[in-house]
Amino acid sequence: MLASLSLALPTGSQASVANTYTTYDFVGKCTDCEGYGRAHLTVVNYNYGDQISTYDWNEEIYNDDYTEVIGWINHLANFVSFSYEGSNLFPAFTITAEDDGVRAGGVISSAQSSQFSLVFGVYKLTGYSNPILGPEVVYFSTDETGDWSLGEVPLYKPADYGTAGTWVQATNNQVPEPSTLALLSLAGMALGARRKSWI
């Protein structure tokens, strides 16, 4: 049984890794709120220079004189989640890719070994209670100068805002494919059953 089981389990390159999740931590000095604003952004399989996106999209490839489209590059959605820890003025909130009416954008140009600024924005639709001013959203944004703000629209007034906002890579984790995890789980159950039979 153990011999046949070992043949069924993926080894080496067969045990492929499906997704790489990277989390970036944000800290910014509050101007209206107390202390610091803190947040966390998680992306999956992010390639530096790509747009942070909540949906798949195609990039056009042009010929040398930009007169004709000669191909496409398919970019997959890479936004996973954003969370703000809250302040004395605004409660904590989380936006995930599974939420309705979510959009995110921004570009991390290269691997960063220390703190860096990032042009980034994310919002989530929260309702349609105001037919004149439009849909309601909760949002967060930062820019290349380190200025940052968040709040609710259509109030058009930031609830928290500040300066000196920086990002830093916090974690970078690889997660095995579900099929690999299932096989490892079966292996564990089989070994457990084998161990019981020896008792």
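Description of the structure in this document. (Residues numbered from 1 in each chain as written. Predicted model: local features only at pLDDT ≥ 70, side-chain atom pairs only at ≥ 80, totals over all residues. Heavy atoms only, no water.)

### A short note on the pairing of strand β10 (residues 148-153)
Inspection of the sheet shows strand β9 (residues 136-142) paired to β10 by 6 bridges, in the antiparallel sense. Residue pairing in the sheet places V137 in a bridge with V153 of β10. Bridge count for β10 against strand β11 (residues 157-176) is 5 bridges, and the pairing is antiparallel. Counterpart to G151 in the pairing with β11 is P158. (Pairing = 2+ DSSP bridges. Helix = DSSP H or I, 4+ residues; strand = E, 2+ residues; numbered from the N terminus.)

### Overview of the pattern of salt bridges
One side chain can pair with another of opposite charge once the charged atoms of both are near each other. Enumeration according to the criterion identifies 1 salt bridge in this entry. The partner of D99 in a salt bridge is K124, with the nearest N and O atoms 3.8 Å apart. Pair noted here: D99 is in the loop between β6 (93-96) and β7 (102-106) and K124 is in strand β8 (residues 120-127), with a separation of 25 residues, a long-range link. (Salt bridge = Lys/Arg side-chain N within 4 Å of Asp/Glu carboxyl O.)

### Quick word on the environment of D32
Structurally, D32 can be placed in the loop between β1 (17-30) and β2 (36-44). You can call D32 partly exposed: its relative accessible area is 27%. It is 8.3 Å that separates the C-alpha atoms of D32 and A159, two residues lying 127 residues apart in sequence. With residues near it in sequence (within four places) discarded, D32 still touches L89, P158, A159, D160 and Y161. (Buried < 20%, exposed > 50% of the residue type's maximum accessible area, 1.4 Å probe, protein only. Contact = heavy atoms within 4.5 Å.)

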